[in-house]
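# Working through the structure, step by step
This is what each chain is made of:
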Amino acid sequence: MELTFVTYNIHKGIGNDRLYRLERIIEALKSINADFLALQEVDHNAPRSRGEDLARVVAEELGMHYNLGLNVKLKHGAYGNATLSRYPIIESRNMNVTWAIKKRRGCLVSRIQLPRREIAVLNFHLGLAAFERMWQAKRILNSHTLKSMGRLPVVMLGDSNDRNDKLTEVFAEAGYHDACDGHKGAFTWPSYAPLFRLDKVYYSGDWKLVGHTIVRNQLTRVASDHLPLSVTLKL
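First things first, this report covers the structure right here in the doc.

Here is what the cut-offs are and how they apply
- Residues numbered from 1 in each chain as written.
- Predicted model: local features only at pLDDT ≥ 70, side-chain atom pairs only at ≥ 80, totals over all residues.
- Heavy atoms only, no water.
- Core = buried A, V, L, I, M, F, W, Y, C linked by side-chain atoms within 4.5 Å.
- Buried < 20%, exposed > 50% of the residue type's maximum accessible area, 1.4 Å probe, protein only.
- Helix = DSSP H or I, 4+ residues; strand = E, 2+ residues; numbered from the N terminus.
- Contact = heavy atoms within 4.5 Å.
- 1 Å grid on protein atoms, 1.4 Å probe; cavity = no way out; pocket = protein on both sides within 12 Å on 5 of 7 lines; lining within 4 Å.
- Points joined across faces, edges and corners; volume = space filled by probe spheres on them.
- Nonpolar A, V, L, I, M, F, W, Y, C, P; charged D, E, K, R; others polar.
- Phe/Tyr/Trp six-rings, centres within 6.5 Å; stacked < 30°, edge-to-face > 60°.
- Lys NZ or Arg CZ within 6 Å of the ring centre and 35° of its normal.

### Examining the nonpolar core
Note that soluble globular proteins tend to have their nonpolar side chains buried in a common cluster. Among the nonpolar cores identified, the biggest contains 25 residues, and Tyr8, Leu22, Leu29, Leu37, Leu39, Val58 and Leu84 are the most heavily contacted of them. Those elements that provide at least two residues to this core are strand 1 (2-9), helix 1 (22-32), strand 2 (36-44), helix 2 (54-62) and strand 4 (78-85). Those residues in contact with Leu29 that lie beyond four places of it in its chain are Val6, Tyr8, Leu37, Leu39, Val58 and Leu62. In terms of nonpolar packing, the next biggest core, distinct from the first, is built from 22 residues, Phe36, Tyr87, Val155 and Ile214 among them.

Now the structure itself:
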């Protein structure tokens, strides 16, 4: 069974032209036609995004199940991570991975029912400081939440903010493979002229990597400050 996973920091639906145009995000995601979407910087009832519930709007447009983990509270509204799935989401937990007084961060953990088995999908958005990211990665990998998933096939993906690929070794030591490790040009940020590989997908040994694609076209260059990363895995 081949399944496609996408991680995409949608920047609240605000593009590089500073305009809120959620329809561009939706059009880009429709063209990819993935089975699972891990979205970051997803607004909920925030004025800058017209007070819309972005996760619900995108999920309805794509005909997918979804869950939302809000991490950052604003004066009006909030934002966080959203996971969308073509298959039923049977359990969801939003793990707090905030380090001390740093900006609130989260990892949205979803248990998803496929036709013949369950899988676990972890959608993260890590911090800007190297020590902060290292602590967050280890917190996720050693968490009771992850351990409670038992021996389910796992995919962890999101905006790592890891410019120097320091986290790949940490995940590898825990038995997780980096879908784009060693591939030159798998850059996703900034979208108009990508220089860094911030958006990443890690998978457990249950999966076989089929391929990956950085979705870079006229639409995705402007829709967000990140490019979508699409990874296909075989279970």
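So that's the structure; there's more coming.
### Things to note about empty space enclosed by the protein
Across all of its chains, the model carries 1 cavity of 30 Å³ or more by this definition. Of the volumes computed, that of the largest cavity is approximately 80 Å³. Forming the boundary of the largest cavity are Glu41, Asn71, Val72, Tyr79, Gly80, Asn81, Lys103, Arg104, Arg105, Gly106 and His125. Breaking the lining of the largest cavity down by element, the ones donating at least two residues are strand 3 (65-73) and strand 4. Split by residue class, the lining of the largest cavity holds 2 nonpolar, 5 polar and 4 charged.

### Quick look at the packing of aromatic side chains
Evaluated as defined, the whole model comprises 6 aromatic pairs. Between Phe171 and Tyr202, the ring centres sit 3.9 Å apart and the planes meet at 10°, which makes this aromatic pair stacked. One end of the pair, Phe171, is in helix 5 (residues 167-173); the other, Tyr202, is in strand 10 (residues 199-203), and 31 residues separate them in sequence. Taking relative accessible area as the criterion, Tyr202 reaches 1% and is therefore assigned buried. Relative to Phe196, the ring of Trp189 has its centre 6.2 Å away and its plane inclined at 35°; by these criteria the two rings are tilted. Of the residues examined, Phe196 reaches a relative accessible area of 24% and is grouped as partly exposed. Directly above the ring of Tyr79 sits Lys12, whose terminal nitrogen or CZ lies 5.2 Å from the centroid. Its end group placed over the ring of Phe196, Arg163 keeps NZ or CZ at 4.4 Å from the ring centre.

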